[in-house]
Amino acid sequence: MTNGQNKDRVRLAPDRPRRRDIVITAALGMAVLFVLMVTGVLAPGAYIGASLAFASLAFVYFLTAVTTAQPRGRMPVAEPARPSEDGLALTMLEKVSVPILLIGPGGRIEQANPAARALLALGAEGGLLSTSLRQPRVLEAVSAALRGERGTVVEYATLAPIESHVRAYVEPIRLPVAGPMPWRAMLVLADETSSKRAERMRADFLANASHELRTPLASLSGFIDTLRGPARDDEEARDRFLGIMREQTERMRRLIDDLLSLSRVEMNEHQLPVGTVDLRAVTRDVIDSLGPMAQARNITVSATLPETPVEITGDRDQVHEVVENLIENAIKYSPEGGQVEISADDDCARDRAEHPADRIGENSARLLLAGPPFDPRSRFGVVRVRDHGAGIDRRYLPRLSERFFRVDGQKSSPTAGTGLGLAIVKHIVTRHRGGFSVESEPGGGTRFTVFLPKPAARAETATETGAAASPAPVSPGQA
Ligand code: ADP
């Protein structure tokens, strides 16, 4: 911020009356007259007249000086002991990341801190506010403040170049100057874009969640009406409808479970997990627990896991949830009688963790959905889940971890998922400072990869010795 205000203050501060000088001058004048009278140069009558004239002149001068000065309390700027405080205040304004401006008569920008200069792209000369900020309501509020009217808060939004929401605080400030224009307007522009976006996301999320719950609920209530009315005595229809109702309640339960899980993950997303988890053991557990689901669809699940445990830093339940979501999807989106292949690797560098040696197809597309910043020292435990289902078109890959996203055509089936599984995976992986990637080819299937950081000490030891567990095939039964 420029120091214009300080300059004004210096120029505007009137001189104090020098009373001592005036008294000394008057006394000296009268002493000279007295000497002239004693030495006979001046007659006593002339002496009295001249003394009176002298004293009145001195008095008038004294009075003038006193009345042109302002009282002490209203002139803090005249106190010489304060410049360091003013300097500090200005430095603080310079450092504040919120844009702050001082607008003078005619809407001219008199001062602007760096944040305001950057936001409004101001040159060295501030210029007129109206040329940098085309917001009529803000300009009106500034004009009112320049007339000394009450301060106001104005909210406005811009769509270009990027969408932003700003709350403008306008306050009148009266400067301690004589003259017709003592008012200035202080303008503070607070950026509220991120809080508005969060608000909208929350609203969208609620709308989506309610919509997802309303569909099975509507279907349930329809079947209840049918069973109480037309199908009351139709045994066959009743069994069929009860089956569908069970599916719908299952769907609602899954949705509520996923919503709760997502909210739990979000709550501790910024807290690094501290436990140590064996990724190989977790993968085996998940394969076992999903065995019945795979059998029901006649899907063969095979696993290639290392001979030794794959230790990573993590929260066991959350790591279990990640692996479970991926394997469940692979089974769900495979054709009946299909194959799902699972593999794990230990102690991988980032590049090897993210990019498997082979591709699933010549035209497959790969995308990193979440990943930690690159650090050459990091080592990871890795799980890959590969299916031979319909695959996913490359244009959908970036949206896979969006909440409630489902690829077109997979939304209406009765067993359709919640669209929350991969969002949960991404949140958990991000909390673990790990990575999550997908590779897919329509018609050729999909491969999801998750890599999670190994405990630092182990990673160092492994790097020093160059040890890495060698994968050995494990049959589904063994896994
Ligand atoms: P859902 O509960 O719907 O499975 P997810 O978040 O797990 O939710 O997955 C989001 C969407 O991504 C799914 O609805 C599906 O369209 C697609 N998808 C996920 N995994 C696969 C896969 N292995 N093969 C094909 N499509 C998949």
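Reference entry: report on the structure contained in this document.

What counts, and at which threshold
Residues numbered from 1 in each chain as written. Predicted model: local features only at pLDDT ≥ 70, side-chain atom pairs only at ≥ 80, totals over all residues. Heavy atoms only, no water. Helix = DSSP H or I, 4+ residues; strand = E, 2+ residues; numbered from the N terminus. Expected span 1.5 Å × (residues − 1). Buried < 20%, exposed > 50% of the residue type's maximum accessible area, 1.4 Å probe, protein only. Contact = heavy atoms within 4.5 Å. Polar contact = N/O pair within 3.5 Å; in protein donor to acceptor, adjacent residues only side chain to side chain. Salt bridge = Lys/Arg side-chain N within 4 Å of Asp/Glu carboxyl O. Phe/Tyr/Trp six-rings, centres within 6.5 Å; stacked < 30°, edge-to-face > 60°. Lys NZ or Arg CZ within 6 Å of the ring centre and 35° of its normal. Pairing = 2+ DSSP bridges. Axes fitted to C-alpha atoms, helices over the stretch in contact; angles between N-to-C directions. Arc of directions from axis to C-beta. Core = buried A, V, L, I, M, F, W, Y, C linked by side-chain atoms within 4.5 Å.

## Here we look at helix α9 (residues 235-267)
Next, step 1: For α9, which comprises 33 residues, the first-to-last C-alpha distance of 48 Å matches the rise-based estimate of 48 Å (1.5 Å per residue) to within 8%.
Next, step 2: Residues Ala 237, Phe 241, Met 245, Gln 248, Arg 251, Met 252, Leu 255, Asp 258, Leu 259, Ser 261, Leu 262 and Val 265 constitute the buried set of α9.
Next, step 3: Residues of α9 that are buried sit in contact with α8 (193-228), α12 (316-332) and α14 (421-431).
Next, step 4: For α9, the N-terminal cap is Asp 234; the gap from its side-chain oxygen to the backbone nitrogen of Glu 236 is 3.2 Å.

## Quick word on the pattern of salt bridges
Next, step 1: Across all of its chains, the model carries 23 salt bridges by this definition.
Next, step 2: A salt bridge links Glu 163 to Arg 200, with the shortest nitrogen-to-oxygen separation between them at 3.4 Å. Of this pair, Glu 163 sits in the loop between β3 (152-158) and β4 (164-174) while Arg 200 sits in helix α8, placing them 37 residues apart in sequence.
Next, step 3: The class for Glu 163 is partly exposed, based on a relative accessible area of 32%.
Next, step 4: Of the charged contacts, one joins Lys 454 and Asp 346 as a salt bridge, the two residues approaching to 2.8 Å between their closest N and O atoms. One end of the pair, Lys 454, is in the loop between β13 (445-453) and α15 (456-465); the other, Asp 346, is in strand β9 (residues 339-348), with 108 residues separating them in the sequence. Like Lys 454, the residue Asp 346 is buried in the burial classification.
Next, step 5: Within this structure, Glu 155, Arg 167, Glu 192 and Lys 196 form a network of salt bridges that share partners.

## Remarks on the packing of aromatic side chains
Next, step 1: Per the stated rule, a full pass over the model turns up five aromatic pairs.
Next, step 2: Aromatic pair Phe 380 and Phe 451: ring centres 5.1 Å apart, planes at 85°, arrangement edge-to-face. Taken together, the residues span a long stretch of sequence, with Phe 380 in strand β11 (residues 380-387) and Phe 451 in strand β13 at a distance of 71 residues. For the pair formed by Phe 380 and Phe 451, the shared burial category is buried.
Next, step 3: Taking the ring centre of Phe 205 as reference, the NZ or CZ of Arg 403 above it sits at 4.8 Å.

## Digging into the sheet that holds strand β5 (residues 183-191)
Next, step 1: Taken in spatial order, the five strands make up an open sheet running β2-β1-β5-β4-β3, and their pairing is antiparallel. Each having just a single partner strand, β2 (108-112) and β3 make up the two edges of the open sheet. Direction aside, the axes of adjacent strands within the sheet are offset by 30° on average.
Next, step 2: Relative to β2, strand β1 (residues 100-104) runs antiparallel, the two being bridged by four bridges.

## Focus on unusual backbone geometry
Next, step 1: The phi dihedral of Asn 298 is positive, around 55°, even though this residue is not glycine.
Next, step 2: Even without glycine at this site, Asp 347 takes up a positive phi of about 55°.
Next, step 3: Its relative accessible area of 4% is what places Asp 347 among the buried residues.

## Brief notes about helix α10 (residues 279-289)
Next, step 1: Within α10, burial applies to Leu 279, Arg 280, Val 282, Thr 283, Val 286 and Ile 287. Viewed end-on, α10 has its buried residues packed into an arc of 160°, placing them on one side of the element.
Next, step 2: Between the side-chain oxygen of the N-cap and the backbone nitrogen of Arg 280 there are 3.0 Å, and the N-cap of α10 in question is Asp 278.

## Things to note about the nonpolar core
Across soluble globular proteins, nonpolar side chains show a tendency to be buried alongside one another.
Next, step 1: The biggest cluster of nonpolar side chains holds 51 residues, and the ones touching the most others in it are Leu 326, Ile 327, Ile 342, Leu 400 and Phe 436.
Next, step 2: When residues in this core are grouped by element, the largest group, seven residues, is from α12.
Next, step 3: Not counting the four nearest positions on each side in its chain, Leu 326 is found in contact with Val 385, Leu 422, Val 425, Phe 436, Phe 448 and Val 450.
Next, step 4: By size, the runner-up hydrophobic cluster in this structure holds 22 residues, among which are Leu 120, Leu 122, Ala 141 and Val 166.

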